[in-house]
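Reading the structure
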Amino acid sequence: MLWAVLAVCAAPVIASYFTYYVLKPSARNNYGTLIDPRQYPIPDLGSRTLDGKPAGLKDFAGKWLLVKADGGACPQRCQEQLYFMRQERLMQGKEMDRVERVWLVTDDAPIEPLLLKQLEGMRVLRVDPARLAAWLPLETGMHLPEHVFMIDPLGNLMMRWPKDPDPKKVSKDIGKVLKASGIG
């Protein structure tokens with residue numbers, strides 16, 4: 001009888017060690033690529049607002065940031081991604097106020113006033129392209145304008161989505177982190 005009681009008590013502990021060390025899950029639960037923030041701390045990007053005042057990503061601490069980098073000319077592909085970021089924020093419903101959109105402009109090209117009007121609410125910063133390229137991790141064979149990144153409210157770069165992402169899957173990723181996080 002004593003052995004039966006010990007076996008019943010020890011079984012959950014043994015099962016947990018077995019599943020943790022032997023049966024590791026192979027499926028992942030996120031669509032975007034998770035990034036180890038320890039490897040990519042936010043550097044000083046030499047950023048400034050469109051009117052030339054110094055500003056940086058750390059100024060938006062406390063919010064989840066959807067970040068995209070591209071030139072000021074912003075071709076059609078760039079405009080589609082900026083619209084995508086707006087829609088992803090809106091898809092979060094009552095949680096959308098926790099998400100901020102940031103466009104990092106990598107050159108001094110003028111930005112069309114009509115485009116800025118369409119991007120109402122988006123933060124736009126001009127940054128040093130060399131510093132930005134040295135910081136953001138890219139998928140092999142990809143270019144910086146092809147990705148959208150996410151930064152958490154503590155200022156940690158944490159996720160990157162692929163080129164031409166599935167909006168529903170990205171929205172699900174954002175919803176998960178907002179639900180799991182008590183900050184931002």
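Use the structure listed above.
This report concerns the structure included in the present document. (Residues numbered from 1 in each chain as written. Predicted model: local features only at pLDDT ≥ 70, side-chain atom pairs only at ≥ 80, totals over all residues. Heavy atoms only, no water.)

1. What to know about the overall build of the protein chain
The line we're drawing: Secondary structure elements are taken from DSSP: a helix is a run of H or I of four residues or more, a strand is a run of E of two residues or more, and numbering for both begins at the N terminus. Buried means the residue's accessible area, taken with a 1.4 Å probe over protein chains only, is under 20% of the maximum for its type, while exposed means over 50%, and partly exposed covers the values in between. Should any heavy atoms of two residues lie within 4.5 Å, those residues are considered in contact. What sets the accessible areas is the Shrake-Rupley method with a 1.4 Å probe; for residues, cover comes only from the shown protein chains. This count recognises Lys and Arg as positive and Asp and Glu as negative, with His and chain-terminal groups excluded. Charge positions come from single atoms, namely NZ of Lys, CZ of Arg, CG of Asp or CD of Glu.
Of regular secondary structure, the protein chain possesses 5 helices and 7 strands. For the protein chain, the spread of C-alpha atoms along the principal axes amounts to about 80 × 35 × 30 Å. Taken over 184 residues, the protein chain has a buried fraction of 39%. Pairs at least 24 residues apart make up 64% of the contacts formed inside the protein chain by residues separated by at least 6 positions. Of the roughly 11,100 Å² that the protein chain leaves accessible, carbon and sulfur atoms contribute 60%. In the protein chain, the 25 positive side-chain charges and the 21 negative ones have mean positions that sit 6 Å from each other.

2. Description of unusual backbone geometry
One non-glycine residue, Cys 74, lies in the positive phi region at around 45°. Along the polypeptide, Cys 74 turns up in the loop between strand E3 (64-70) and helix H2 (76-90). Here Cys 74 falls in the buried class, since its relative accessible area comes to 2%. A positive phi angle, close to 50°, is found at Asp 164, a residue other than glycine. The residue Asp 164 is located in the loop between strand E7 (157-161) and helix H5 (167-180) in this model.

3. A few points about the environment of Val 170
On the secondary structure map, Val 170 appears in helix H5. Remark: the alpha-carbon pair of Val 170 and Tyr 31, spanning 139 residues in sequence, is separated by 6.7 Å. In this view, Val 170 contacts Tyr 31, Phe 84, Glu 88, Trp 161 and Pro 165; residues no more than four positions away in its chain are not counted.

4. Describing H2
As a reminder of what qualifies: Expected helix span is taken as 1.5 Å per residue step, with the number of steps being one fewer than the number of residues. Each direction from the helix axis to a C-beta atom contributes to the arc, which is the arc of those directions.
In a regular helix each residue adds 1.5 Å, so 15 residues correspond to 21 Å; H2 covers 21 Å between its end C-alpha atoms and thus fits that length. Buried within H2 we find Cys 78, Gln 81, Leu 82, Phe 84, Met 85, Glu 88 and Arg 89. One face of H2 carries all of its buried residues, which in axial projection span an arc of 155°. In this fold, the buried residues of H2 make contact with E3, strand E4 (99-105), strand E6 (148-151) and H5.

5. A closer look at the nonpolar core
Put simply, the rule is: Nine residue types can take part in a nonpolar core, namely buried Ala, Val, Leu, Ile, Met, Phe, Trp, Tyr and Cys, and a core is a set of them joined through side-chain atoms within 4.5 Å.
Counting residues in hydrophobic clusters, the biggest one holds 24 residues, and the most contacted among them are Leu 82, Trp 103, Met 150, Trp 161 and Ile 174. Mapped by element, the contributors of at least two residues to this core are E3, H2, E4, E6, E7 and H5. Membership of the second largest hydrophobic core comes to 20 residues, among which are Leu 104, Leu 144, Phe 149 and Leu 157.

6. Some points on the side chain of Lys 68
Which entries qualify depends on this criterion: Between N or O atoms, a polar contact is any pair within 3.5 Å; within protein, one atom must be a potential hydrogen donor and the other a potential acceptor, and residues adjacent in sequence are included only when both atoms are from side chains.
Tracing the chain through its elements places Lys 68 in strand E3. Owing to a relative accessible area of 0%, Lys 68 belongs among the buried residues under this scheme. At a separation of 3.4 Å, a polar atom in the side chain of Lys 68 contacts the side chain of Asp 70. Among the polar contacts listed, one links the side chain of Lys 68 to the backbone oxygen of Pro 145, at a separation of 2.8 Å.

7. Things to note about the pairing of E3
This is how it is decided: Any two strands with at least two DSSP bridges between them are considered paired. Crossover handedness is defined here as right-handed if the route from the first strand over the helix to the second strand goes clockwise, with the strands pointing away from the viewer.
Burial runs high along E3: 7 of the 7 residues are buried. Across the two faces of E3 the burial is the same, with Trp 64, Leu 66, Lys 68 and Asp 70 and Leu 65, Val 67 and Ala 69 all buried. Two strands pair when backbone bridges link them, and E3 and E4 are joined in this way by 7 bridges, in the parallel orientation. Each residue of the ladder has a partner; that of Asp 70, found in E4, is Val 105. Running through H2, the crossover from E3 to the neighbouring parallel element E4 is right-handed. As paired strands, E3 and E6 are joined by 4 bridges and run antiparallel to one another. Within the sheet, the bridge partner assigned to Leu 65 lies in E6 and is Ile 151.

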